[in-house]
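# Working through the structure, step by step
Listed below are the residues making up each chain.
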Amino acid sequence: MKTNKLYFGAAYYDEYMPYERMDTDMQMMREAGMNVIRIAESTWSTWEPENGRFDFSHLVHMLDCAKKYGISVIVGTPTYAIPSWMVKEYPDILSVTHSGPCIYGHRQNMDITHPAYRFHCERIIRKMMEVAAPYENVIGFQIDNETKPYDTCSERAQKLFVSYLKEKFPDIGEFNHEFGLDYWSNRVDDWENFPDIRGTINQSLDAEYRKFQRKLVTDFHKWQAGILREYMREGQFITHNFDYEWRNFSFGIQPEVNQFDAAECMDVAGCDIYHHSEDELTGAEIAFGGAVAYALKKDNYLVLETEAQGSFGWLPYQGQLRLQAYSHIACGANSVMYWHWHSIHNAIESYWKGVLSHNLKENATYREAKIIGQEFARIGGHIRNLRKQCDVAVMVSNDSLVGFEEFPVDDTLNYNDILRWIYDSFYRMNIECSLVNDREENLLEYKVLVVPALYSADEETIGRLRNYVEHGGHLIMTYRSLFADRQLKIYPDDQPHGMTDVIGATYDQFTCPKNVHLCGDGFSEEKSLVSHWMELLIPGEGSAWATYSHPFWKEYAAVVHHAFGKGTATYIGCHMDEDSLGNVLKKVLELAGVSGKNTVFPVIIKEGFNEYEKKVRFYFNYSPDEVEFVYEGADGKELLSEKLVEKGTKQLLKPWDLMIVEADC
Amino acid sequence: MKTNKLYFGAAYYDEYMPYERMDTDMQMMREAGMNVIRIAESTWSTWEPENGRFDFSHLVHMLDCAKKYGISVIVGTPTYAIPSWMVKEYPDILSVTHSGPCIYGHRQNMDITHPAYRFHCERIIRKMMEVAAPYENVIGFQIDNETKPYDTCSERAQKLFVSYLKEKFPDIGEFNHEFGLDYWSNRVDDWENFPDIRGTINQSLDAEYRKFQRKLVTDFHKWQAGILREYMREGQFITHNFDYEWRNFSFGIQPEVNQFDAAECMDVAGCDIYHHSEDELTGAEIAFGGAVAYALKKDNYLVLETEAQGSFGWLPYQGQLRLQAYSHIACGANSVMYWHWHSIHNAIESYWKGVLSHNLKENATYREAKIIGQEFARIGGHIRNLRKQCDVAVMVSNDSLVGFEEFPVDDTLNYNDILRWIYDSFYRMNIECSLVNDREENLLEYKVLVVPALYSADEETIGRLRNYVEHGGHLIMTYRSLFADRQLKIYPDDQPHGMTDVIGATYDQFTCPKNVHLCGDGFSEEKSLVSHWMELLIPGEGSAWATYSHPFWKEYAAVVHHAFGKGTATYIGCHMDEDSLGNVLKKVLELAGVSGKNTVFPVIIKEGFNEYEKKVRFYFNYSPDEVEFVYEGADGKELLSEKLVEKGTKQLLKPWDLMIVEADC
Amino acid sequence: MKTNKLYFGAAYYDEYMPYERMDTDMQMMREAGMNVIRIAESTWSTWEPENGRFDFSHLVHMLDCAKKYGISVIVGTPTYAIPSWMVKEYPDILSVTHSGPCIYGHRQNMDITHPAYRFHCERIIRKMMEVAAPYENVIGFQIDNETKPYDTCSERAQKLFVSYLKEKFPDIGEFNHEFGLDYWSNRVDDWENFPDIRGTINQSLDAEYRKFQRKLVTDFHKWQAGILREYMREGQFITHNFDYEWRNFSFGIQPEVNQFDAAECMDVAGCDIYHHSEDELTGAEIAFGGAVAYALKKDNYLVLETEAQGSFGWLPYQGQLRLQAYSHIACGANSVMYWHWHSIHNAIESYWKGVLSHNLKENATYREAKIIGQEFARIGGHIRNLRKQCDVAVMVSNDSLVGFEEFPVDDTLNYNDILRWIYDSFYRMNIECSLVNDREENLLEYKVLVVPALYSADEETIGRLRNYVEHGGHLIMTYRSLFADRQLKIYPDDQPHGMTDVIGATYDQFTCPKNVHLCGDGFSEEKSLVSHWMELLIPGEGSAWATYSHPFWKEYAAVVHHAFGKGTATYIGCHMDEDSLGNVLKKVLELAGVSGKNTVFPVIIKEGFNEYEKKVRFYFNYSPDEVEFVYEGADGKELLSEKLVEKGTKQLLKPWDLMIVEADC
């Protein structure tokens, strides 16, 4: 979604404040150039302290005060944390999961299929919208927050699942066959006998249940959006705060939600991106998370949450907060909003610190935010609504992610690890990538398409990949791709299914490499280490770009490359170290005519086109040292200093500093 | 059991096939020299898709087709995995364990004491036998599969346990005394008040419950065998697929079953042996597992399952599959049967690969199987029904294993670790060992008897050990032996109980060694490391073969040796490194007149007598390198090459290769 | 409590004996100089084998026999382990905890708020007292044993908690505000809707529940003491066996009990101290545990349990048992009692060995006990009732301990780690410390007061600390002190709350140090490592004793020191290595005029005044080597050898040996 300004602000919770100080807060925000707050998404019990008694005084107070200080507001529906009275009233409203029934206290633990939950959600949303929608300064609404299925396995949910299966498989025999339920006597020949899904040892069935759970989220979003739209005024938008695989930071695509489907009912994608800081700040999560968010609507997105002081050990060094803010914008974000304005004085997130510390006073972090706010006000028009355009796309797939969880390589390498292995390799060499869904039809927009670990793929997807190569695309596909169908039934013919002619090779055996290295052009038998997984590729028409250095596996190929139709396919049959992967990727980029960058990490380059159709180039120094690089773009103006920058000149960046050049091309 | 051929084949499950291809499969088997399949043991839901509706079409199809291709069949009762409808009908049919109630999906999770389970078992077995028993090519039946008590702790099972205790202890006071229940106020003075066994902190009681659980398995086998024998034809046999302590491979004796008792109702012992492969292939599990299986009936056994491609990371190098096959036969197996013919396309064992990969085509593994099959057909008559005869026996004990679990040394050294510490030491020096039960009466067959970690022993067993030494046997006993009675009550007198005069030493204190080494003949104060456990032995009549190198424990002995009666006893009071243990074992072997081998691991030697009463010697190269050794047997014929081999000549073995010499003596 | 002799003995359980041998045992005790046994605390089921049937024959037998051998007896109420019949009768008598319902078998698993439990406790106690109290040789009674709340979360207990909250917060709105329950929609606006505490994500609420649980223990002790006092004769005392944070040894203050409160109803504090032995014996736990026990009543205490052979790996070297015994006495203990006399032959503590091993005969440990007993008899009058007087006090706080558990620094550093970091640093430099409660009013007794990790402190405590400094005290306070109030609500102003003027500095940001060292006088940028936690101190009036060596944090202080009023305050803002901490502590000791010792660990010095008001100095060699040191006390008599020792002379101590000098001053 395009916006008429860069939004800069924070989540704000008057409800949590130890004492009344709203004017002070908003005054401080305004001084810092903050122009938006996001409120309300977890305060149901404040607004409805008892069943049917409503009290929106906090909400009204915040909306009024924000109005007074000229601050825009995004209002969240409060449905992701339910009040205690609701649980007393409907004890079974809490989710029953693989680990047993949830217990009250935590957010995000209710059964979103429960009719009473839906009833109370609808009522509180309608009441809230009556209050909030009319406000001029309310620019949009956030549905719920980081919605998940919360692993609901209630009897209710499981019955819905059986109905879902019945509809998909009118013939129960076909169902048994497709899922291979004869194995270990698991057949279900009467839907009434369907066993508790939580005990299944059939990964196909388990994966299907997880697909069903993801659908519950999509449906829930669509349902809330419908209610919101009954009240919204012209110009107000719907968004959602999408998150990522969580490893105490935002690591990979979200396993529990199909965000492409879920985002369909929204106007603009929102997200929260958290990452390491201090010496571990690399910007990779900002770029990766941004690429996901941009992909959801193929458009600019909102960063609804990101860290200020953040989690313990993430206190930004001087310059880092500003570096991060511009990095988001450079990826196509139209907002930078901190979670959250003030640090909290009770409960589980007390040490997840906001802009202000617990003393609620100006501090180092606030002072840096002030700089950002002032700069955004000055140059925002040149860097907002950035149009991103990439030569390379990386395909992502929820089903394949689940495939890896059901059939892991090992404890240390899941789907997102492989995705990030690919993505980060491009990141470090300053090749920006788009992400595309595994149902994407317009693949030929991209010169190079990388398909990592597409374990689960149906014939349609495989057909599109074949078509891509046939029509001139350059495909890179990794090990464990096209191994199973959408139900995780392993294809009973040559691997990778449906593509052996395209890649010019096949395999039926694979093993765990121990002391295996790569041989071949650009590889080193000492350093090019194969780890985790290796397929014993038997090249047919394809040529071996690498083979295995090992006494008993040496006749097999590790990487094969094959010209097919008007394009080429490169199949990477094993996991390898970063340099070796880089070697393969670079070869394909060259073939595909994608021009590389001479400047690499820790200087990160991001590019896009602004509203004036000028090309904007960002240079970020992700290091504690001063760095020098040669500016290789067209002559242009550095937006912050307003100095001219000429092509081919040496540029200097201070630690954690940046520059932004606007040029005609 | 003696067989009239070597059996070579695989488990086969038509039920799991993604499409109809039975003729193709059996044709391929026949071409590979396979002559047996094992079927049916986990397909109850296919045969009885709904309660009382039977469909044996898959079974009939397999039996007919096998007949057509001249393939023998072992048919398993399908009772180790119950259908979903049974759980809907009798929700309490699933086992309630120490971890709570089981949930449907997994195999081996029912309460084998449940009357409904027994009813349905009996019905399906009778129906199956009516179909299968008449077939000429059905050579035998397998009861259930890897049966266990599945930790049943249901109210029903616990009531049976109280009855069992009542019968054993008519006087409840004696029961309290024997189990020491005064401790922590645990007395039970009315059987009605017997508490849930799962909470007990009394290891004696817990161990007794586990003994009771093992008895449930023995009873279950006997019951199934009774039914089977009503239908079996002359010449058909009963077997069972016994397994081992599972550490993702077959490590030690099975803790949950007393296999000696359980095997009594059977005609031939069967087993499944799985082990590491590739660089980690040593053959030790094949030898150890084979020794267990041979011991159960003191006769040849069947390898009903072993790996083809196996688990991830076990893909055999060229030659390994063949090396393994002959290793089984050399230990006294009369069959090598893979689990399984084809890799599965759904569910939990999809990556436990069979002979064929998922593409179901000829591959490297199949091609090696073909070689084995052809060789077996050619030389099988000379290597089947091998009679094993060992000078050394190692005593095993379920009760002592449980003793170690109840009172562990530490997390890394359980009973089986100590058993394998002893067994593998002999294995590496090419001394073949028999295993004997702790109730074995004919100990004097063996020149040397090793008793590792016999923590729990009753007076009868101790009497037999005393008698063994008195009558000329050479006993080696390790630390923590004869410490407690069968109920794990620690003997309240000098340790080791009842044997202090035999070993000529005693102790009452022990500790955990830190930086302790051994002093004595053949030990090195630098290298001979004591670890895990050390007893402070006070020698009486016995002489110290080793003492402790430690400032504060130096006056105590670590190993004592004593001539007693016509024999000798050697007591090893601590855990020590492999070389030190080897030093002790070799001294005793020498005393006992057991001749050692000059060739040691990685060349493994196995010997036996064939049907012609000729001596057959196998030489296996368990290494990736070519090895040379001197053949020290009598002049004979190498069976595979049909060349003559003379005593004292140098022989060369290629990586993972073998030779077999048949000689008159 | 003062005693008229040193008590030396053991716990004794006739109930657990494998056969009758009481005369033998007591004869052996008498020969070893043992004069006390402790009996009965876990044998309820023996005395009341069925509901209402009592049998005190074991008790009577022990009391009579002890009388015969002149042995005093401490009798425990048997209430910490309930009989099996009680659970059958009242299944809900077992505690329901955060991990779910307890199961019978273990001790210490009942709900101490259950009325039936109280009823049966009272009945058995009264019956027991009728038997035991009249005995002349019964010197005292122990309430229960190591009492805890056993994490009771039963509905009953939780209702009591709501009542407790209601009383504390008559205004439910204030309750919500103080605990910050608006957060994540956790408000409770009707006490009837109070959710199950076990699910809370509000650490303030969780901490309050734990405070409530500690109060249950205090109330329980008071209740039992009331019953006991109805029966006790003049001169008999009440004690309790207090224990410590358990890390398989006695590590820190007990988290689940406020021992200061609980000890109020008692006459003398008792404790059990367990620690590593052999090479790991340092004496630190004896000193620390003793300091806690001494603090509870500010008087001499009883060591009711300590190890003889103890846990596996703790077998004392020759001399260690004696070294330990005197170490206890040197800390102010009036007894050394082993747990336990004989090793047990069944159940969970079979390997926690007593004085005698399982063979129940004289052994090395018994022989060393004999030496101790004889020496105690000889010199006991000079070392009992030792008055301890320390210049340094260390403040301890259950609430702060819980604060650390609720908001941990990381997995490896909890409250007790920091407490021991401080305590042990003093221990190694031979500065004896008193421990004081965080509600202690007489702080000015001490020259130096150390306040480690006082995370949770109310205004009263803070006022007392301010007052201490103002009036001349030297305060050392560590990081994370005064951060939150008693309800763990973080103070919303400058940190450390209420003391920024006293320490002359403040901070609002902190982070996790990586590669951070200290700069400053006495620190080394190579070695002075900052770890776990660092606060970014901004010095005001205070001076920086240390700053951070780090490119981005170098402007902040790590340690600040400030003269305030008549005293000084030193604030340690980070965790640092031992040497660096020692450097800070020594500086303050010097300022405060506390004289240091030239002799340090492994020679440990303890001092006190005996009944003759003479000063007794103990010198312990906690090492396997002979050590030499210079005696710096006044001329006096070594009590064991009766030799004179002159000030300034060199003294020699054998491994694990000791000397005791009595002097006039």
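Every chain is numbered on its own, with residues counted from 1 as its sequence reads. Lettering of chains starts at A and numbering of ligands starts at 1, both following the order in which they are written. Totals for whole chains, interfaces and linings use every residue, but because this is a predicted model, local features are given only for residues with pLDDT of at least 70 and side-chain atom pairs only at 80 or more, for both listing and counting. Computation of side-chain values: all heavy atoms of the structure, hydrogens and water removed.

## A closer look at the overall build of chain A
The cut-off we apply is this: Helix and strand definitions here come from DSSP, where helices need a minimum of 4 consecutive H or I residues and strands a minimum of 2 consecutive E residues; each element is numbered from the N-terminal end. Note that the radius of gyration is over C-alpha atoms, with the globule rule given as 2.2 Å times the number of residues to the power 0.38. Relative accessibility under 20% of the residue-type maximum defines a buried residue, over 50% an exposed one, and the middle range a partly exposed one, all with a 1.4 Å probe and only protein chains included. Pairs of residues are marked as contacts when any of their non-hydrogen atoms sit within 4.5 Å. Counted as positive: Lys and Arg. Counted as negative: Asp and Glu. His and the chain ends are not counted at all. The location of each charge is read from NZ of Lys, CZ of Arg, CG of Asp or CD of Glu.
Along its length, chain A carries 17 helices and 33 strands. For a compact globule of 665 residues, the expected C-alpha radius of gyration is about 26 Å, and chain A comes in at 26 Å, within 12% of that figure. Each principal axis of the C-alpha atoms in chain A carries an extent, and together these give about 75 × 75 × 40 Å. In chain A, buried positions account for 69% of the 665 residues. Here the contacts in chain A between residues at least 6 apart in sequence split such that 75% fall between residues at least 24 apart. Distance between charge centres in chain A, computed from 65 positive and 99 negative side chains, equals 5 Å.

## Some details on the relation of the copies chain A and chain C
Filter applied, for reference: The copies are overlaid by a least-squares fit using only the C-alpha atoms of residues whose pLDDT is at least 70 in both copies.
Laying chain A over chain C is done by rotating through 120 degrees and shifting 0.0 Å along the axis; what remains is an RMSD of 0.1 Å. Both copies are brought into coincidence by an operation consistent with a three-fold rotation axis. Across chain A, the smallest distance between a C-alpha and the rotation axis is recorded for glycine 100 of chain A, namely 7.0 Å.

## Looking at the packing of aromatic side chains
The following threshold applies: Pairing of aromatic rings covers Phe, Tyr and Trp, the last counted by its six-membered ring, and requires centre-to-centre distances within 6.5 Å; plane angles under 30 degrees mean stacked, over 60 mean edge-to-face, and any other angle means tilted.
Applying the stated criterion to the full structure yields 155 aromatic pairs over all chains. Ring geometry for phenylalanine 483 of chain B against tyrosine 351 of chain C: centres 5.9 Å apart, planes inclined by 25 degrees, an arrangement best described as stacked. Taken together, the positions of phenylalanine 483 of chain B in the loop between strand 17 (474–478) and helix 16 (500–503) and tyrosine 351 of chain C in the loop between strand 13 (333–339) and helix 12 (364–383) put the pair across two chains. Across this residue pair, the class does not change: phenylalanine 483 of chain B and tyrosine 351 of chain C are buried. Taking the centre distance of 6.5 Å and the plane angle of 50 degrees together, the rings of tryptophan 553 of chain C and tyrosine 556 of chain C count as tilted. Residue tryptophan 553 of chain C shares its accessibility class with tyrosine 556 of chain C, and that shared class is buried. Within the aromatic cluster, the residues linked to one another by ring pairs are Phe161, Tyr164, Phe169, Phe175, Phe179, Trp191, Phe194, Tyr209 and Phe212 of chain A.

## Notes on the sheet that holds strand 8 (residues 241–242) of chain C
Residues and elements named next belong to chain C. This is how it is decided: Any two strands are treated as partners once DSSP identifies two or more bridges connecting them. Note on definitions: angles span 0 to 180 degrees between N-to-C directions of axes, and those axes are lines fitted to C-alpha atoms, for helices only across the stretch in contact.
Strand order in the open sheet formed by nine strands is 7-6-3-2-1-13-12-11-8, with parallel pairing between adjacent strands. The outermost strands of the open sheet, each flanked by one partner alone, are strand 7 (237–239) and strand 8. As paired elements, strand 6 (residues 138–142) and strand 7 share three bridges and run parallel to each other. Counted as the bridge partner of glutamine 142 is threonine 239 from strand 7. Sheet strands touched by helix 10 (residues 284–297): strand 8, strand 11 (270–273) and strand 12 (301–307). Its angle to strand 11, the strand with the most contacts, is close to 165 degrees. Packed onto the sheet, helix 11 (residues 320–330) meets strand 11, strand 12 and strand 13 and runs at close to 140 degrees relative to strand 13.

## A look at unusual backbone geometry
The step from phenylalanine 601 of chain A to proline 602 of chain A runs through a cis peptide bond, and the omega angle for that step is 15 degrees. Here proline 602 of chain A lies in the loop between helix 17 (578–592) and strand 27 (603–609). The peptide bond linking glutamine 495 of chain C to proline 496 of chain C adopts the cis configuration, its omega dihedral lying at -10 degrees. Turning to its location among the elements, proline 496 of chain C is positioned in the loop between strand 17 (474–478) and helix 16 (500–503). For tryptophan 656 of chain C, which is not glycine, the phi dihedral falls at a positive 55 degrees. Locating tryptophan 656 of chain C in the fold gives a position in the loop between strand 32 (650–653) and strand 33 (658–663).

## Some points on the interface of chain A and chain C
Applicable threshold: By buried area we mean the combined loss of accessible area, with a 1.4 Å probe, across both parts when two parts are placed together. Salt bridges are identified by distance alone: a Lys or Arg side-chain nitrogen within 4 Å of an Asp or Glu carboxyl oxygen. Each polar contact in these results corresponds to two N or O atoms within 3.5 Å; when the atoms are within protein, one needs to be able to donate a hydrogen and the other to accept it, and residues that are neighboring in sequence are counted only if both atoms are side-chain atoms. Basically, the charged four are Asp, Glu, Lys and Arg, the nonpolar ten are Ala, Val, Leu, Ile, Met, Phe, Trp, Tyr, Cys and Pro, and anything else, Gly included, counts as polar.
On the side of chain C, 52 residues touch chain A, which itself brings 53 residues to the contact. Roughly 4,300 Å² of surface becomes buried between chain A and chain C when both sides are summed, with 57% attributable to carbon and sulfur atoms. Among the residues chain A hides against chain C, the three largest losses belong to Phe312, Asn346 and Tyr351 of chain A. Together they make up 17% of the total. At the surface where chain A touches chain C, the tally comes to three salt bridges. Residues glutamate 278 of chain A and lysine 514 of chain C are paired through a salt bridge, measuring 3.3 Å at the closest nitrogen-oxygen approach. Our enumeration of links across chain A and chain C arrives at 32 residue pairs in polar contact (both at pLDDT 80 or more). Along the lines of polarity and charge, the residues of the side of chain A that touches chain C split into 26 nonpolar, 17 polar and 10 charged.

## So, the interface of chain A and chain B
Facing the 52 residues of chain A at the interface are 53 residues of chain B. In total, about 4,300 Å² of surface goes out of reach between chain A and chain B, with carbon and sulfur atoms giving 57% of it. The largest share of the area that chain A buries against chain B comes from Tyr183, Trp184 and Phe552 of chain A, three residues that together contribute 18% of it. Run the count over chain A and chain B and you get three salt bridges. The partner of aspartate 494 of chain A in a salt bridge is lysine 361 of chain B, with the nearest N and O atoms 2.8 Å apart. Where chain A packs against chain B, one counts 31 residue pairs in polar contact (both at pLDDT 80 or more). Elements supplying a minimum of two residues to the side of chain A that touches chain B: helix 7 (172–179), helix 8 (203–231), strand 19 (510–511) and strand 21 (529–535) of chain A. If you tally residues by element for the side of chain A that touches chain B, the top one is helix 7 of chain A, at three residues. The class makeup of the residues in the side of chain A that touches chain B is 23 nonpolar, 15 polar and 14 charged.

## Concerning the side chain of aspartate 243 of chain A
Residue and element names in this part refer to chain A. Here aspartate 243 is to be found in the loop between strand 8 (241–242) and strand 9 (245–246). The class for aspartate 243 is buried, based on a relative accessible area of 11%. A distance of 2.9 Å separates the side chain of aspartate 243 from the side chain of lysine 148, its partner in a polar contact. Contact partners of aspartate 243, with chain neighbours within four places excluded, come to Glu146, Lys148, Gln254, Gln259 and Asp272.

## Re the packing of helix 11 (residues 320–330) of chain B against helix 12 (residues 364–383) of chain B
Residue and element names in this part refer to chain B. Stated precisely, the cut-off is as follows: Angular relationships are summarised with four words: roughly parallel below 35 degrees, roughly antiparallel beyond 145, roughly perpendicular across 65 to 115, and oblique for the angles in between. Put simply, a crossing is left-handed when the front helix is turned counterclockwise from the back one by less than a right angle, and right-handed when it is turned clockwise.
One way to put it is that helix 11 packs onto helix 12 with a least axis distance of 9 Å and a crossing angle of 30 degrees. Here helix 11 is positioned roughly parallel relative to helix 12, judged by the angle of their axes. Seen from above, helix 11 lies across helix 12 with right-handed handedness. Listed contacts from helix 12 to Gln320, Leu321, Arg322, Ala325, Tyr326 and Ile329 of helix 11 are Thr365, Glu368, Ala369, Ile371, Ile372, Glu375, Phe376, Ile379 and Ile383.

## A word on helix 8 (residues 203–231) of chain B
Because an α-helix packs 3.6 residues into every turn, residues spaced three or four apart end up facing the same way. All names here are of chain B. For clarity, the cut-off: Multiplying one less than the number of residues by 1.5 Å gives the expected span of a helix.
When the terminal C-alpha atoms of helix 8 are compared, their 43 Å separation across 29 residues agrees well with the 42 Å that a helix rising 1.5 Å per residue should span. Within helix 8, 21 of the 29 residues are buried, which leaves the element mostly enclosed by the surrounding structure. At the N-terminal boundary of helix 8, the capping side chain belongs to asparagine 202, with an oxygen 3.0 Å from the backbone nitrogen of serine 204.

## With respect to the sheet that holds strand 33 (residues 658–663) of chain A
If you walk across this open sheet you meet the five strands as 27-28-33-30-31 (chain A), and the pairing is antiparallel. Two strands bound the open sheet, and with one partner strand each, they are strand 27 and strand 31 (644–645) of chain A.

## Remarks on the domain arrangement of chain A
Put simply, the test is: For the domain bounds, the source is a domain assignment made automatically or taken from a database.
Domain assignment breaks chain A into domain 1 (392–592) and domain 2 (603–663). Using C-alpha coordinates to define each centre, domain 1 of chain A is positioned 34 Å away from domain 2 of chain A.

## A look at the pattern of salt bridges
According to the stated counting rule, one finds 156 salt bridges over all chains in the structure shown. Between lysine 615 of chain B and glutamate 607 of chain B there is a salt bridge, with the nearest N and O atoms lying 3.4 Å from each other. Using a relative accessible area of 16% as the deciding quantity, one classes lysine 615 of chain B as buried. For the salt bridge of glutamate 50 of chain C with arginine 53 of chain C, the shortest nitrogen-to-oxygen distance reads 2.9 Å. A relative accessible area of 39% places arginine 53 of chain C in the partly exposed class.

## A word on the environment of arginine 480 of chain C
Within the element layout of this structure, arginine 480 of chain C appears in the loop between strand 17 and helix 16. Distance in space between the C-alpha atoms of arginine 480 of chain C and glycine 573 of chain C is 7.8 Å, their sequence separation being 93 residues. In this structure the side chain of arginine 480 of chain C is engaged in a polar contact, spanning 2.8 Å, whose partner is the side chain of tyrosine 351 of chain A.

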